[in-house]
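# Survey of secondary and tertiary structure
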Amino acid sequence: MTGELRSTRHVVVMGVSGAGKSTVARGISEATGLLLAEADEFHTPENVARMRAGVPLDDAARWPWLRELAGWMAARGAEGRSTVLACSALRRSYRDVLRQGPPSVDFVHLDGSAEVIRERMSRRTGHFMPASLLESQLATLEPPQPDESVLVLDVALDPGELVARAVEGLGLPAASRVGDG
């Protein structure tokens, strides 16, 4: 034994609000045993209040949040724990900050038509992000480039299918049910 921790995996399920990030990240966690986090839970109360009021966050509000998320993944990796994070990660620079956490991060981009996403948002209850901010998010989105490790999936697919394709496409192992230690 060299004292090194086992290799960990870190996945960020990304896309605009309403794309299904939380649902798919939760499904990946359940299928694989990766520790789940919801990036929205890391926002400051001030950021949540801004978004609830329909005001998009600027980069000054995003940078500390993104660094905290990267640090959370790195800390879990140092503990030998793999993670899955639901996070918008709309710009390359935001994804680059997240990549500064653990040694490697894979992204699953839930992409699709604004109409499908808008319809999903209209059915959501209890979320602080209003549908009115969808256009702002779509304008901010910088699609992943070929040199980024990103699996792109169509939001029009059933959530179960999205989870299955993400797990398979990333080569994630199924959760161990015995001696999960």
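We now examine the sheet that holds strand S3 (residues 83-86). By way of backbone hydrogen bonds, the strands of a sheet pair with one another, either parallel or antiparallel. With parallel pairing, the five strands of this open sheet are ordered in space as S2-S3-S1-S4-S5. Of all the strands in the sheet, just strand S2 (35-38) and strand S5 (150-154) have a single pairing partner and so form its edges. Recorded for the sheet is a direction-independent mean angle of 20° between the axes of neighbouring strands. Sheet topology places strand S1 (residues 10-14) next to S3; four bridges connect them, and they run parallel.

Inspection of the entire model under this criterion finds two aromatic pairs. Measuring from ring centre to ring centre gives 6.1 Å for Phe42 and Trp72, while their planes differ by 70°; the resulting arrangement is edge-to-face. Taken together, the positions of Phe42 in the loop between S2 and helix H2 (45-52) and Trp72 in helix H3 (residues 59-78) put the pair 30 residues apart, joining distant regions of the chain. Residue class for Trp72 comes out buried when judged on its relative accessible area of 15%. Both rings, one in Trp63 and one in Tyr94, keep their centres 5.5 Å apart while their planes meet at 80°; by these two values the pair is edge-to-face. Taken together, the residues span a long stretch of sequence, with Trp63 in helix H3 and Tyr94 in helix H4 (residues 92-99) at a distance of 31 residues. We classify Tyr94 as buried; its relative accessible area is 2%.

So, on to H2. For H2, every residue scored as buried is listed here: Asn47, Val48 and Met51. Down the axis of H2, the buried set is contained in an arc of 100°. They therefore lie on one face. For H2, the exposed residues set more than 90 degrees away from the buried face come down to Pro45, Glu46 and Arg52. Immediately downstream of H2, the backbone of Gly54 shows phi near 85°, a positive value.

To continue, consider the pairing of S1. Summarising burial for S1: five of the five residues are buried, a large majority. Alternating residues of S1 divide into His10, Val12 and Met14 and Val11 and Val13, and every residue in both groups is buried. Pairing of S1 with strand S4 (residues 106-111), which is carried by four bridges, proceeds in the parallel orientation. Counterpart to Val13 in the pairing with S4 is Val108.

The next subject is the pattern of salt bridges. Taken as a whole and judged by the stated rule, the model has twelve salt bridges. Among the ionic pairs, Arg76 bridges to Glu79, the shortest N-O distance being 3.0 Å. You can call Arg76 buried: its relative accessible area is 16%. Put simply, Arg99 and Glu148 hold a salt bridge, and the shortest N to O gap is 2.6 Å. Pair noted here: Arg99 is in helix H4 and Glu148 is in the loop between helix H6 (134-140) and S5, with a separation of 49 residues, a long-range link. The exposure class of Glu148 is buried, given its relative accessible area of 7%.

Cut-off values and rules
Note that residues are indexed from 1 along each chain, following the sequence as it is written. Two thresholds apply to this predicted model, a pLDDT of at least 70 for residue-level local features and 80 or more for giving and counting side-chain atom pairs, whereas whole-chain, interface and lining totals are computed over all residues. Each side-chain value is derived from all of the structure's non-hydrogen atoms; neither hydrogens nor water enter the calculation. Here the rule is simple: two strands pair whenever DSSP picks up at least two bridges between them. The way it works is that DSSP assigns letters per residue, a run of H or I at least four long becomes a helix, a run of E at least two long becomes a strand, and they are numbered from the N terminus. Angles here are taken between N-to-C directions and fall from 0 to 180 degrees, while the axes themselves are lines fitted to C-alpha atoms, restricted in helices to the stretch in contact. Between 30 and 60 degrees the pair is tilted, below 30 it is stacked and above 60 it is edge-to-face, where a pair is any two Phe, Tyr or Trp rings, Trp via its six-membered ring, whose centres lie within 6.5 Å. Burial status follows relative accessibility: with a 1.4 Å probe on protein chains alone, a residue under 20% of its type maximum counts as buried, one over 50% as exposed, and anything between as partly exposed. Note that the arc is computed from the directions linking the helix axis to the C-beta atoms. Here, a salt bridge means any Lys or Arg side-chain nitrogen found within 4 Å of an Asp or Glu carboxyl oxygen.

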